[in-house]
Amino acid sequence: MSDDLIECEGHGQQRPAFVCQHLAETQPDDEPIGFHWNCEGGDLLANCDDCEAEASDDGFLPDDYFEENFVVICRMCFVEMAAVNDVSLQEIEQAEKAAAS
Ligand SMILES: [Zn+2]
Ligand SMILES: [Zn+2]
């Protein structure tokens with residue numbers, strides 16, 4: 001888990017989260033494009049349907065694909081994106097707790 005905080009224009013200092021650039025560009029304002037998320041290793045991460053198709057059989061995206069297509073956003077921005085995709089804050093907090101224990 002990364003302890004470094006990032007500065008978000010809208011939310012101030014927050015923990016970072018990672019999303020694919022397609023989600024970053026479209027959510028929460030545009031039509032849903034899929035929201036596949038996890039909190040493995042303690043970092044929140046989400047990607048769209050197209051990116052999910054790039055994942056290998058074990059569900060992981062190749063490192064270079066990740067580096068090219070993912071951006072850092074703040075945790076609260078992630079929560080807002082998740083909310084419009086029917087993922088509740090409660091679910092996210094549970095996943096964070098599970099990852100931390
Ligand atoms: Zn994507
Ligand atoms: Zn934010």
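## A closer look at the environment of Ile33
Alright, step 1. Relative to the elements of secondary structure, Ile33 occurs in the loop between helix H1 (21-26) and strand E4 (36-38).
Alright, step 2. Overall, Ile33 belongs to the partly exposed group, its relative accessible area being 28%.
Alright, step 3. Taking the C-alpha atoms as reference points, Ile33 and Asp50, 17 residues apart in sequence, are found 8.2 Å from one another.
Alright, step 4. Excluding anything up to four places from it in sequence, Ile33 contacts His22, Leu23, Thr26, Gln27, Cys48 and Asp49.

## Some words on the coordination of the zinc ion (ligand 1)
Alright, step 1. Distances from the zinc ion (ligand 1) to its protein donors, Cys20 (SG), His22 (ND1), Cys48 (SG) and Cys51 (SG), fall within 2.0 to 2.4 Å.
Alright, step 2. Coordination at the zinc ion (ligand 1) is tetrahedral: its four donor atoms span angles of 99 to 116° at the metal.
Alright, step 3. The class for His22 is partly exposed, based on a relative accessible area of 25%.
Alright, step 4. Of the residues examined, Cys51 reaches a relative accessible area of 0% and is grouped as buried.

## Section: the confidence of the model for the protein
As a note on interpretation, predicted positions should not be read in detail where pLDDT is low.
Alright, step 1. Residues of the protein with pLDDT of at least 70 account for 97%, and the chain-wide mean is 94.
Alright, step 2. The secondary-structure element of the protein with the lowest mean pLDDT is helix H3 (residues 63-69), recorded at 95, while H1 shows the highest, at 98.

## Describing the coordination of the zinc ion (ligand 2)
Alright, step 1. The protein atoms donating to the zinc ion (ligand 2) are Cys8 (SG), His11 (ND1), Cys74 (SG) and Cys77 (SG), with metal-donor distances spanning 2.0 to 2.4 Å.
Alright, step 2. Here the zinc ion (ligand 2) binds four donor atoms, and the angle range of 102 to 113° at the metal identifies the geometry as tetrahedral.
Alright, step 3. When the donor residues of the zinc ion (ligand 2) are listed from N- to C-terminus, their spacing reads C-x2-H-x62-C-x2-C. One end of the pair, Cys8, is in strand E1 (residues 6-8); the other, Cys74, is in strand E6 (residues 70-74), and 66 residues separate them in sequence.

## Let's talk about the packing of helix H4 (residues 75-83) against helix H5 (residues 89-100)
Alright, step 1. Packing of H4 against H5 leaves a shortest axis separation of 9 Å and a crossing angle of 130°. The pairing of H4 with H5 is recorded here as oblique in orientation. Contacts between H4 and H5 involve Arg75, Phe78, Val79 and Ala82 from the first element and Leu89, Ile92, Glu93 and Glu96 from the second.
Alright, step 2. Split by residue class, the contact of H4 with H5 holds five nonpolar, no polar and three charged.

Calculation rules
Residues numbered from 1 in each chain as written. Chains lettered and ligands numbered in written order. Predicted model: local features only at pLDDT ≥ 70, side-chain atom pairs only at ≥ 80, totals over all residues. Heavy atoms only, no water. Helix = DSSP H or I, 4+ residues; strand = E, 2+ residues; numbered from the N terminus. Buried < 20%, exposed > 50% of the residue type's maximum accessible area, 1.4 Å probe, protein only. Contact = heavy atoms within 4.5 Å. Donors = N, O, S within 2.8 Å, 3.2 Å for Na, K, Ca; no water. Tetrahedral: all angles 85-135°; square planar, octahedral: opposite > 155°, others 65-115°. pLDDT = per-residue confidence, 0-100. Axes fitted to C-alpha atoms, helices over the stretch in contact; angles between N-to-C directions. Parallel < 35°, antiparallel > 145°, perpendicular 65-115°, else oblique. Nonpolar A, V, L, I, M, F, W, Y, C, P; charged D, E, K, R; others polar.

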